[in-house]
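Fold and geometry: a report
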Amino acid sequence: MRAAENHVFVIAANRGDEEHGAQFIGRSQVIDPTGSVLASVEREEGLIVVDIQPASARLKDVHVPEVDFAISLFGDRRPALYGAISKTDPLTARQAEGTDERN
């Protein structure tokens, strides 16, 4: 999931060391709803403290002129393609599709 396409804050934490031959890349980050990295820690151990404004993620029509990026999260949706996955009740979804084995 990317922050800008979904217009949400993304807070990702990852260790940056090695264990049993497995390398961990680190790169913990806090990313704002426009995709800008607010803070990051590469591979070293660290603590990120950032003030965020959660209300800014509520805006779903976004234009970022610096990178010529515009998106309308709800305007660009295509619910007809979602099918049964968009149903809130799994039983109702199976019945609507005719795949409920109890029918």
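The following refers to the structure shown. Every residue gets a number counted from 1 within its own chain, in the order that chain's sequence is written. Per-residue local features are limited, in this predicted model, to residues with pLDDT of at least 70; the limit for side-chain atom pairs, both in listing and counting, is 80 or more; totals at the level of whole chains, interfaces and linings are taken over all residues. Calculation of side-chain values draws on the structure's entire complement of heavy atoms; hydrogens and water are dropped beforehand.

**Comments concerning the side chain of His7**
So the rule is basically this: By the criteria applied, helices consist of DSSP H or I runs no shorter than four residues and strands consist of E runs no shorter than two, each listed in order from the N terminus. In protein, a polar contact means a hydrogen-donor-capable atom and an acceptor-capable atom, both N or O and within 3.5 Å, with residues adjacent in sequence counting only if both atoms are side-chain atoms; elsewhere, any N or O pair within 3.5 Å suffices. Here a residue-residue contact requires only that any non-hydrogen atoms of the pair lie within 4.5 Å.
Mapped onto the fold, His7 is located in the loop between α1 (3–6) and β1 (10–12). Of note is the side chain of His7, whose polar atom sits 3.0 Å from the backbone oxygen of Pro33. Looking at His7, its side chain comes within polar contact range of the main-chain oxygen of Ser56, at 3.2 Å. Those residues in contact with His7 that lie beyond four places of it in its chain are Pro33, Ser56, Ala57, Leu59, Lys60, Val62 and Leu73.

**Concerning the side chain of Ser28**
Along the chain, Ser28 turns up in strand β4 (residues 28–31). For Ser28, the contacting residues outside a window of four places in its chain are Ala12, Ala13, Asn14, Ala39, Ser40, Val41, Glu42 and Ile48.

**Details of unusual backbone geometry**
In the Ramachandran plot, His20 falls in the positive-phi region, its phi being about 50° despite a non-glycine side chain. Relative to the elements of secondary structure, His20 occurs in the loop between β2 (18–19) and β3 (22–23).

**Description of the pairing of strand β5 (residues 37–41)**
We count it as follows: Strands qualify as paired when DSSP identifies two bridges or more between them.
By the bridge criterion, 4 bridges tie β4 to β5 in an arrangement that is antiparallel. Opposite Gln29, over in β5, you have Ser40 as the bridge partner. The turn joining β4 and β5, which pair antiparallel and follow one another in sequence, is formed by 5 residues; a positive phi near 95° is taken by Gly35.

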